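# Commentary on secondary and tertiary structure
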There are 2 protein chains.
Amino acid sequence: MSSMEYSKLWLDWRRISDAPDFMKTICAEAHSAQGKAALSELREGFVAMTGDEPAILSECSGACLHMVETDDTGEGYAFSAQGESLRLEGGPRGLLYGAFDLLRGLAVGKRCFNGSAAPRYPLRMLDHWDNMDGSVERGYAGNSFFFEDGRILNGPRIRDYARLLASCGINGCCINNVNVKAEAVRLMTPKHWPALAELARTLEEYGVGLWLSVSFAAPMELGGLETADPMDERVCRWWADTTAALYNAVPNLGGFLVKADSEGRPGPFTYGRTQAEGANMLARALAKQGGKLLWRCFVYNCTQDWRDTRTDRARAQCDHFAPLDGHFDDNVLLQIKNGPVDFQPREPVSPLFGRLERTSSIIEFQIAQEYTGQQKHLCCLIPMFRDILQFRLYHRPGNDRVADTVSAVCAVSNMGRDFNWTGHDLAGANLYGFGRLGWNPDLTAEEIVREYTVLSFGDDPKITETLLPMQLSSRAVYEKYTAPLGIGWMVNPNHHYGPNPDGYEYDRWGTYHRATNTEIGVERGPRGTGYTMQYRLPLSAIYADIDTCPEELLLFFHRLPYTYIMKDGRTLIQRVYDDHFEGCAAAEEFARKWEELEPLLPQDVFERVRLRFDEQCRSAREWRDVINSWFFRRSGIPDVHGREIY
Amino acid sequence: MSSMEYSKLWLDWRRISDAPDFMKTICAEAHSAQGKAALSELREGFVAMTGDEPAILSECSGACLHMVETDDTGEGYAFSAQGESLRLEGGPRGLLYGAFDLLRGLAVGKRCFNGSAAPRYPLRMLDHWDNMDGSVERGYAGNSFFFEDGRILNGPRIRDYARLLASCGINGCCINNVNVKAEAVRLMTPKHWPALAELARTLEEYGVGLWLSVSFAAPMELGGLETADPMDERVCRWWADTTAALYNAVPNLGGFLVKADSEGRPGPFTYGRTQAEGANMLARALAKQGGKLLWRCFVYNCTQDWRDTRTDRARAQCDHFAPLDGHFDDNVLLQIKNGPVDFQPREPVSPLFGRLERTSSIIEFQIAQEYTGQQKHLCCLIPMFRDILQFRLYHRPGNDRVADTVSAVCAVSNMGRDFNWTGHDLAGANLYGFGRLGWNPDLTAEEIVREYTVLSFGDDPKITETLLPMQLSSRAVYEKYTAPLGIGWMVNPNHHYGPNPDGYEYDRWGTYHRATNTEIGVERGPRGTGYTMQYRLPLSAIYADIDTCPEELLLFFHRLPYTYIMKDGRTLIQRVYDDHFEGCAAAEEFARKWEELEPLLPQDVFERVRLRFDEQCRSAREWRDVINSWFFRRSGIPDVHGREIY
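No experiment lies behind these values; they were computed from the predicted model shown. (Residues numbered from 1 in each chain as written. Chains lettered and ligands numbered in written order. Predicted model: local features only at pLDDT ≥ 70, side-chain atom pairs only at ≥ 80, totals over all residues. Heavy atoms only, no water.)

### What about the overall build of chain A?
Selection rule: Secondary structure counts use DSSP, requiring at least four H or I residues in a row for a helix and at least two E residues in a row for a strand, with both numbered from the N terminus. Here the radius of gyration uses the C-alpha set of atoms, whereas the globule reference equals 2.2 Å times the residue count to the power 0.38. Three exposure classes are used, based on accessible area relative to the maximum for each residue type with a 1.4 Å probe and protein chains only: buried under 20%, partly exposed in between, and exposed over 50%. When checking whether two residues touch, look at their non-hydrogen atoms; a contact exists if any pair is within 4.5 Å. Per-residue accessibility takes into account occlusion by the displayed protein chains alone, with areas from the Shrake-Rupley method and a 1.4 Å probe. Only four residue types enter the tally: Lys and Arg on the positive side, Asp and Glu on the negative side, with His and both chain ends excluded. Note that the charge is assigned to NZ on lysines, CZ on arginines, CG on aspartates and CD on glutamates.
Along its length, chain A carries 17 helices and 18 strands. Against the compact-globule benchmark of 26 Å for 646 residues, chain A has a radius of gyration of 25 Å, which places it among compact chains. In terms of overall dimensions, chain A has a C-alpha envelope of 80 × 65 × 50 Å along the principal axes. Within chain A, the fraction of its 646 residues that count as buried is 63%. Pairs at least 24 residues apart make up 71% of the contacts formed inside chain A by residues separated by at least 6 positions. Of the roughly 22600 Å² that chain A leaves accessible, carbon and sulfur atoms contribute 49%. Of the side chains in chain A, 70 bear a positive and 88 a negative charge, and the two mean positions are spaced by 2 Å.

See below:
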């Protein structure tokens, strides 16, 4: 591994001790590209795990893995044990997922395979915010591996990228930044078609569909029109023609992702059209080609006057999109961020999920740790993602969880060209876990992180005992030493790393705490901005009432005095102080525990993560001291334990 | 003028009504380049003022301007009236300044010229922070006119630049940024010598010396040495050889300006050497060529931990340099910013001026309005500069003003490629005024600004009556609506435009207000950081005592409760509120008064300035509301007049 330019992440199969007999022989007839890829993965995996090359036969005889390719176009597969043999049956894509399931299972000690499996969602995507100059917006793991100097890349790393995605269940990727600028505008033009088609073929071998972010203003930027009005015939025709030509060159394209009317991006509002009118126009161009449209709901006023206390950014998604339920074409999926604002460490679930009864949606997570430590801090997001997917919306009788409501899942990628792909060696858990949850949102975070840990770092119990609780608690720890109780946003503007309590307070982004010397927060109940009323009952009532509102979201929903008494009898401000001292101490404990693993891990992995923990501890102390000092200086209320506050 | 790429600023001579007879004939023998330039200026000026081409004779007959060039190498000149004739006598440079004095005088209505004049300081410099890629650090008037794409420019604009400098008395310019990076490191290499020599010739014609900022690490960056240690023989030899070769190619170079051990720049501290050891090594290389070294004293800890309350950045200059008094070579001038911190709208005078008895110094002003509205706000700095120059240091009996103490003056340029050179048409006053004060620090701000106003906008009394009080009060107005009472720094980090009260509070730059819910400020008296003790008596006592400390500097020197009672009986916080409402109202009044000048001014000038006032008003309201809200939210103390605070 050391001579490679990049690690294998969890695909670094280790020798196993009690290899089942069927690993000696693979009996397979693989016709499709994916079926062949599955066979190749199994062969390589078995070699790595057993040390022996398996026999590859076309007829069964004795104990073997019997791989049967059907013409099923779906992604499901089935195992059946037959004596010492194991039968794996599925269509091309099914075999791929089955092969990885088998390999992962063997690697984590599973020896009994039986039954069938299929993904919960037909679309499980990774969104890259990669620019064609090679930079990555909100990228914390090096430059893009898709782009360099305006060109599209391909080759072994892309193939290994596709393998990683397939191995954890992801089946789509949007390769370019939703902020479509510069050369990326021209991705739709013939210049880039050959490279796109080639890239799509590499990805397709592992069942990964290629998607593109497109600019709503493309008819002007590329088409020479003076408008991008979705109701203009010429604009419709331009999109239809361009999309047809693009699909002709790149037949298996998944579709388009669009950020419109958002943070300076053009969109239908420019022409007095609704979001539905804008989306449907594009969707119709795609429908003829069998493509889908992912339309982001991240629409809000990003030029708010901080003096304006009536506008509440948290309301924006529902205000804009809930009234349009049922107005979108069938091949549109509304892409909704998990929370109402923007990927903070703690937000309530977006109420918009519970307001769409006749519109398909895709939930957008962010595994790029923009606000959660930027892959310098350990912050495993899988427990949070699972909680969100399991969250009940109460919008219909039964099956009312987010997981039951959305039609697809996606996440903003945390990957880049770094050797370890994700900057922090432990941050691969977020990528792996997102894929696994997208396949099956009922897996527990513990199951998922345990798999990741054993696959990535081996099955020494000391490693799992150390890393599993660390990962599972890491987001709670991060939350403790950063902005408290759901208030969010106390970060440095622009780059979003490190504490800055007033960083966005007098700015135009709609993210205010409005703290005085006695109280803090925005009241979002019925007597405030009314945001709570965007939820269904009983959620709206639970959130509106200070006594029932979950404490971890108290300052998201309510404006409260520092002296407010929490359920355990502490004041709110004492809770803030305690959390910050505890959170920082916990981060220091992470670093200490990591040291104990030195003898059990490759030196390079150990050292990389050690440096990350050094930075996490430094930054956690900075967070602790800035947040505590800011609350203390503002309120004048001392810590009851007399700890050092500046 | 409209077809030019840039305006003439105050050199746009207008027709005068009662032209003296001597303007019809110039009797001159000009031998030197500067003498010829003087003659050319007079000829062009007389044409513009009278409409007639003057006769140029070599022998006097009748009323004439008799220009006599002597071999005086100084910059002085003398007028003597002889009947209807006027005699102007001086060396080459003296004639130049005399010619401009005459032209300026004629243009503002002066008809009687007599007596001699000479500049107070031999060196009056403009420091450009221009980068060779064409950008300007802290530039608010467009890109550099000296550099483009790594090349040195020359041509008519540079010549007109030199004319502007000479016409107000400036005789030197350092053309490149003190942060010497990228291509600028190579300015000392043969590649750039021909262009430098040519540029020096253009400037020299108008008596302007060329200076270069150099990198202390140049022996490593250019010389291939592994050290820049000033005590290393090879380093000394490299500097001596390089400087000699450079002077050979560019003979009339003024010398070097160096920012060492400052904000990440390399310097002698890297090698455990003193600032004197570092400076003297360079000074010796220059001395052989007749060059001077300007050594900046802007040395402080820019990686301070905000939790550290013992380190006081204001002390740094004196702490570093006062003990070295007398240790610098004769051709070294210590370049000292006017205040102890960094060009804030209100700072005390740097105590270092009063601590150098055996070391030459040059005072550094900043007419680039980095912290004073970035040439979007009207902020005339001339009254402040004059107050500083007139400030008594009490370090010796008599002649104890700053003006008597420094050996030279310089200012960070506010110029760029914009049509009007300085971004804001009224900001030219800072450039003009700096030159005039450098020539004679006893001129009053009113005299200077009146000259500038009449020269630039004509002699309509309505214009002068409007603009003169506006200019003279503009910095007080700016001060009122920005950071209060000398506290400074409540600006947005990095770009330094607009309010951000906590912008630098938890950062590493040593600029803290340490405000709580009851008090604000850093105590710099003897019971605090002891900064006041860097002044001589009685200043140290005046500043140390809250009752005698000038109120406008109260929060620079002292930590005080918001309820502190000011001399007029108002609380400190009420003073803050009042100032901000008043300051903002005054800015709005500026804008209103400007509108009245529309019929009297060229449309382009009127419109440009109107747009600037629009932005100033918007920004002043933002300042008012952010600062007031921040103080109110922090203290809980309401405005006694019940005005709107958010």
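### Points about the sheet that holds strand β7 (residues 123-127) of chain B
All names here are of chain B. How we decide: We treat two strands as partners when DSSP finds at least two bridges between them. In this analysis, axes come from line fits to C-alpha atoms, helices being fitted only over the stretch in contact, and the angle between any two N-to-C directions falls in the range 0 to 180 degrees.
Here eight strands make up a closed barrel; going around it, the order is β7-β10-β11-β12-β13-β14-β15-β16 and the pairing parallel. Strand-to-strand twist of the sheet, defined as the mean angle between neighbouring strand axes without regard to direction, takes the value 25°. Here β7 runs beside strand β16 (residues 408-412); their pairing, made up of five bridges, is parallel. Directly across from Met-125, in β16, lies its bridge partner Cys-410.

### So, the nonpolar core
The condition is simple: As used in this record, nonpolar core signifies buried Ala, Val, Leu, Ile, Met, Phe, Trp, Tyr and Cys residues forming a set joined through side-chain atoms within 4.5 Å.
Grouped together as the largest cluster of nonpolar side chains are 214 residues, with contacts concentrated most on Trp239(A) and Trp295(A). Counting 213 residues, the second largest nonpolar core, distinct from the first, contains Val332(B), Met415(B), Val491(B) and Tyr562(B).

### Topic: the pairing of strand β14 (residues 332-337) of chain A
All names here are of chain A. Counting buried positions along β14 gives six out of six residues, so the element sits mostly inside the fold. Of the two faces of β14, the one lined by Val-332, Leu-334 and Ile-336 and the one lined by Leu-333, Gln-335 and Lys-337 are each fully buried. Pairing of strand β13 (residues 292-296) with β14, which is carried by four bridges, proceeds in the parallel orientation. What sits directly across from Trp-295, in β14, is Leu-334. Here five bridges tie β14 to strand β15 (residues 360-366), and the two strands are oriented parallel to one another. Paired with Ile-336 across the strands is Ile-363, a residue of β15.

### Thoughts on the packing of aromatic side chains
Under the convention used in this document: Side-chain rings of Phe, Tyr and Trp (the six-membered ring for Trp) are treated as a pair once their centres are within 6.5 Å; stacked means planes under 30 degrees apart, edge-to-face means over 60, and tilted covers the remaining angles.
Overall, the coordinates contain 76 aromatic pairs over all chains when judged by the stated rule. Ring centres of Phe145(B) and Phe146(B) lie 5.1 Å apart, and the angle between their planes is 55°; this geometry places the pair in the tilted category. Phe145(B) sits in the buried class, given a relative accessible area of 4%. By relative accessible area, which is 0% here, Phe146(B) ends up buried. Ring plane angle 80° and centroid distance 6.0 Å describe the contact between Tyr562(B) and Phe631(B), whose orientation is recorded as edge-to-face. Linking Tyr562(B) in the loop between β18 (560-561) and α16 (572-596) with Phe631(B) in helix α17 (residues 603-635), this pair joins segments that are 69 residues apart in sequence. Taking the relative accessible area as the measure of exposure, Phe631(B) reaches 0% and is therefore buried. Following the ring pairs from residue to residue traces out a cluster consisting of Tyr6(A), Phe145(A), Phe146(A), Phe147(A), Tyr161(A) and Trp421(A).

### Quick word on the relation of the copies chain B and chain A
Our working rule: C-alpha atoms of residues with pLDDT of at least 70 in both copies form the basis for the least-squares superposition of the copies.
For the pair chain B and chain A, the superposition axis carries a translation of 0.1 Å, the fit reaches an RMSD of 0.1 Å, and the rotation angle comes to 180°. Such values leave the two copies arranged in the relation of a two-fold axis. Residues of chain B ranked by C-alpha distance from the rotation axis are headed by Arg634(B), positioned 2.7 Å from it. Taken together, the interface assignments show that 100% of the residues at the interface of chain B recur at the interface of chain A, consistent with an identical surface on both copies.

### Considering the packing of helix α6 (residues 233-249) of chain B against helix α7 (residues 275-287) of chain B
Residues and elements named next belong to chain B. Applied cut-off: A crossing counts as left-handed when the near helix is turned anticlockwise from the far one by less than a right angle, and as right-handed when that turn is clockwise. Asp, Glu, Lys and Arg are counted as charged, while Ala, Val, Leu, Ile, Met, Phe, Trp, Tyr, Cys and Pro are counted as nonpolar; the rest, among them Gly, fall into the polar class.
It is the contact of α6 with α7, at a shortest axis distance of 8 Å, that shows an interaxial angle of 35°. Note on packing geometry: the crossing formed by α6 with α7 is right-handed. Of the residues in α7, those touching α6 at Val-235, Cys-236, Trp-239, Ala-240, Thr-243 and Tyr-247 are Met-281, Leu-282, Ala-285 and Leu-286. Each residue belonging to the contact of α6 with α7 can be placed in one class, and the counts come to nine nonpolar, one polar and no charged.

### A closer look at the interface of chain B and chain A
Short version of the rule: Buried area is calculated as the accessible area (1.4 Å probe) missing from two parts once they are joined, with the contributions of both summed. When a carboxyl oxygen of Asp or Glu is within 4 Å of a side-chain nitrogen of Lys or Arg, the pair counts as a salt bridge. What qualifies as a polar contact is a pair of N or O atoms within 3.5 Å, subject to a donor-acceptor requirement within protein and to the restriction that residues adjacent in sequence count only when both atoms come from side chains.
Each side of the interface is counted separately: chain B has 21 residues, and chain A has 21 residues. Summed over both partners, the interface of chain B with chain A comes to about 2000 Å²; 49% of that surface belongs to carbon and sulfur atoms. By the criterion of area lost to chain A, the three top residues of chain B are Arg307(B), Tyr506(B) and Arg633(B), representing 38% of everything that side buries. Summed over the shared surface of chain B and chain A, the number is six salt bridges. Residue Asp625(A) pairs with Arg307(B) through a salt bridge whose shortest N-O separation is 2.2 Å. The interface formed by chain B and chain A holds 14 residue pairs in polar contact (both at pLDDT 80 or more) in total.

### A short note on the pattern of salt bridges
What the rule picks out here adds up to 110 salt bridges over all chains. In this structure, Glu204(B) engages Arg93(B) in a salt bridge whose closest nitrogen and oxygen atoms are separated by 2.4 Å. You can see Glu204(B) sitting in helix α4 (residues 193-204) and its partner Arg93(B) sitting in helix α2 (residues 92-107), a full 111 residues away along the chain. For Arg93(B), a relative accessible area of 23% puts it in the partly exposed group. Salt-bridge contacts for Arg296(B) lead to Glu364(B); the nearest nitrogen and oxygen are separated by 2.7 Å. Residue Arg296(B) is located in strand β13 (residues 292-296), and its partner Glu364(B) is located in strand β15 (residues 360-366); the two are separated by 68 residues in the primary sequence. Each of Asp305(A), Arg307(A), Glu622(B), Arg624(B) and Asp625(B) takes part in a single network of salt bridges with overlapping partners.

### A few points about the sheet that holds strand β3 (residues 65-69) of chain B
Pairing between the strands of a sheet comes from backbone hydrogen bonds, and it takes one of two forms, parallel or antiparallel. Residue and element names in this part refer to chain B. Pairing in this open sheet of six strands is mixed, and the strands run β2-β1-β3-β5-β4-β6 from one edge to the other. Each edge of the open sheet is held by one strand with a lone partner, namely β2 (55-57) and β6 (115-117). Between one strand and the next, the sheet's axes are offset by a mean angle of 20°, whatever the strand orientation. Relative to β3, strand β1 (residues 25-29) is paired through four bridges, and the arrangement is parallel. Looking across to β3, one finds that Ile-26 is bridged to Leu-65.

### What to know about the domain arrangement of chain A
Basically, it comes down to this: A domain assignment, automatic or from a database, supplies the domain bounds used here.
The assigned domain composition of chain A is domain 1 (3-117), domain 2 (124-443) and domain 3 (458-522 + 559-646). Here domain 1 of chain A and domain 3 of chain A have C-alpha centroids that lie 44 Å from each other.

### A closer look at the pairing of strand β1 (residues 25-29) of chain A
So the rule is basically this: If you view a crossover with the strands going away from you and the path from the first strand over the helix to the second runs clockwise, you call it right-handed.
The buried fraction of β1(A) is high, at four of five residues. You can see the chain leave β1(A), run along helix α1 (residues 33-50) of chain A and come back into strand β2 (residues 55-57) of chain A, and the turn it takes is right-handed.

### Re unusual backbone geometry
Leu537(A) connects to Pro538(A) through a cis peptide bond whose omega is 0°. Position of Pro538(A) relative to the elements: it lies in the loop between β17 (519-520) and α14 (539-544). In this structure, Arg138(B) is a non-glycine residue whose phi angle is positive, near 55°. Mapped onto the elements of the fold, Arg138(B) is located in the loop between β7 and β8 (147-148). In this structure Arg138(B) comes out as partly exposed when scored by relative accessible area, which is 23%. Backbone geometry at Arg514(B) places phi at a positive 50°, although glycine is not the residue there. When you line up the elements, Arg514(B) lands in the loop between α13 (461-481) and β17 (519-520).

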